[in-house]
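A look at the structure
The residues making up each chain are set out below.
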Amino acid sequence: AQSVTQLGSHVSVSEGALVLLRCNYSSSVPPYLFWYVQYPNQGLQLLLKYTSAATLVKGINGFEAEFKKSETSFHLTKPSAHMSDAAEYFCAVSEGTGNQFYFGTGTSLTVIP
Amino acid sequence: DAGVTQSPTHLIKTRGQHVTLRCSPISGHKSVSWYQQVLGQGPQFIFQYYEKEERGRGNFPDRFSARQFPNYSSELNVNALLLGDSALYLCASSLRQGENYGYTFGSGTRLTVV
């Protein structure tokens, strides 16, 4: 069975500060891992994905995530937060069949000026 | 190029009624998936269709059904609506089945059941 746990439903950072959003996964097979961002009243936009290549994955808008198998984690980071980063972030895991994603409950990021 | 298009964007239905939601995938994409996102939660998988065949189904009651047409567009149907069906319904399309191809989500249909 696949599942994702996102620690911290709300995270607040100051503009220019480091962003760290946590994601831990459970998977019985080598996972495919994703981070999506959702702005108010919009759908999901793919930030980055891990598909068993490099463990450090770089995405759009300066975000990156590192796959750590020993910790079953896939935390999302950005060195310097921007006001436009304020949104809901979802971590997701997929099995090799690719039929469906299992999403976490999301982390709402607030950026303080 | 147009992204994934969903219609309508919002609708309000009464308990017990039926609803049909529509999705047009990105041109050339043959796989369509449906997700339900209840307020404050992550999306939950409902269906996946590829080449007009159902390839996956989530843990939803039989009141939920879907189909994919020859042009790869898709409909999600929900019968006997309950208050708990109120949610954002998201459609995602992909070139082919499989996560390596990447899924693009539409902006969703906001369904309110009263």
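Our subject is the structure listed above.
All values reported here derive from a predicted model rather than from experimental measurement.

Another point: the environment of Leu90 of chain B. One can find Leu90 of chain B in strand β9 (residues 87–94). For the pair Leu90 of chain B and Thr109 of chain B, spaced 19 residues apart in sequence, the C-alpha to C-alpha distance is 6.7 Å. Other than its neighbours up to four places away in sequence, Leu90 of chain B contacts Gly43 and Leu44 of chain A together with Gln6, Ser33, Trp34, Tyr35, Gln37, Pro43, Phe105, Gly106, Ser107 and Gly108 of chain B.

With that out of the way, let us pick up the packing of aromatic side chains. Residues and elements named next belong to chain A. According to the stated counting rule, one finds 18 aromatic pairs over all chains in the structure shown. On the numbers, 6.3 Å between centres and 50° between planes, the contact of Tyr50 with Phe74 is tilted. Placement of Tyr50 in strand β6 (residues 44–50) and of Phe74 in strand β9 (residues 73–78) is noted, with a sequence separation of 24 residues between them. A relative accessible area of 8% means that Tyr50 is categorised as buried. Residue Phe74 is classed as buried on the basis of its relative accessible area, which comes to 0%.

This paragraph deals with the sheet that holds strand β7 (residues 64–68) of chain B. Residue and element names in this part refer to chain B. Taken in spatial order, the four strands make up an open sheet running β1-β3-β8-β7, and their pairing is antiparallel. Because the sheet does not close on itself, it has two edges, and the strands there are β1 (5–7) and β7. Neighbouring strand axes in the sheet, compared pairwise and without regard to direction, differ in orientation by 15° on average. Relative to strand β8 (residues 74–78), β7 runs antiparallel, the two being bridged by five bridges. Across the sheet, residue Arg67 finds its bridge partner in β8, namely Glu75.

Looking now at the pattern of salt bridges. Within the structure shown, the criterion is met by nine salt bridges over all chains. Linked by salt bridges that have partners in common, Arg22, Arg67 and Glu75 of chain B make up one network.

A separate point is the interface of chain A and chain B. Across the contact, 21 residues belong to chain A and 23 residues belong to chain B. Overall, the association of chain A and chain B removes approximately 1,600 Å² of surface from exposure, summing both partners, and the carbon and sulfur fraction of that is 49%. Between chain A and chain B we count zero salt bridges in total. In this structure, the connection of chain A to chain B is made through two residue pairs in polar contact (both at pLDDT 80 or more). Within the residue set of the side of chain A that touches chain B, elements represented by two or more residues are β5 (32–38), β6, β10 (87–94) and β11 (101–103) of chain A. Per-element accounting of the side of chain A that touches chain B gives the leading share, four residues, to β5 of chain A. Here the residues of the side of chain A that touches chain B sort into seven nonpolar, 12 polar and two charged.

On to the state of the cysteines. By the definition in use, this model includes two disulfides over all chains. Shown here is the disulfide that connects Cys23 of chain A with Cys91 of chain A, its sulfur atoms set 2.0 Å apart. Its S-S torsion of approximately -65° makes the covalent link between Cys23 of chain A and Cys91 of chain A left-handed. You can see Cys23 of chain A sitting in the loop between β3 (19–21) and β4 (24–26) and its partner Cys91 of chain A sitting in strand β10, a full 68 residues away along the chain. Shown here is the disulfide that connects Cys23 of chain B with Cys91 of chain B, its sulfur atoms set 1.8 Å apart. The disulfide joining Cys23 of chain B to Cys91 of chain B has a torsion of about -65° about its S-S bond and is therefore left-handed. Residue Cys23 of chain B is located in strand β3 (residues 19–24), and its partner Cys91 of chain B is located in strand β9; the two are separated by 68 residues in the primary sequence. Neither Cys23 of chain B nor Cys91 of chain B differs from the other in exposure class; each is buried.

If you look at the biggest cluster of nonpolar residues, it comprises 26 residues, and the most contacted ones within it are Trp35, Leu47, Leu48, Phe74, Leu76 and Tyr89 of chain A. Of all the elements in the fold, those that place two or more residues in this core are β2 (10–14), β3, β5, β6, β8 (64–68), β9, β10 and β12 (107–112) of chain A. Residues contacting Leu76 of chain A, with those up to four places away along its chain left out, are Val19, Leu20, Leu21, Trp35, Leu47, Leu48, Phe63, Glu64, Ala65 and Tyr89 of chain A. Counting 22 residues, the second-largest nonpolar core is a separate cluster that includes Leu11, Val19, Cys23 and Cys91 of chain B.

What counts, and where the lines are drawn
- Residues numbered from 1 in each chain as written.
- Chains lettered and ligands numbered in written order.
- Predicted model: local features only at pLDDT ≥ 70, side-chain atom pairs only at ≥ 80, totals over all residues.
- Heavy atoms only, no water.
- Helix = DSSP H or I, 4+ residues; strand = E, 2+ residues; numbered from the N terminus.
- Contact = heavy atoms within 4.5 Å.
- Phe/Tyr/Trp six-rings, centres within 6.5 Å; stacked < 30°, edge-to-face > 60°.
- Buried < 20%, exposed > 50% of the residue type's maximum accessible area, 1.4 Å probe, protein only.
- Pairing = 2+ DSSP bridges.
- Axes fitted to C-alpha atoms, helices over the stretch in contact; angles between N-to-C directions.
- Salt bridge = Lys/Arg side-chain N within 4 Å of Asp/Glu carboxyl O.
- Buried area = accessible area lost by both parts, 1.4 Å probe.
- Polar contact = N/O pair within 3.5 Å; in protein donor to acceptor, adjacent residues only side chain to side chain.
- Nonpolar A, V, L, I, M, F, W, Y, C, P; charged D, E, K, R; others polar.
- Disulfide = S-S within 2.5 Å.
- Core = buried A, V, L, I, M, F, W, Y, C linked by side-chain atoms within 4.5 Å.

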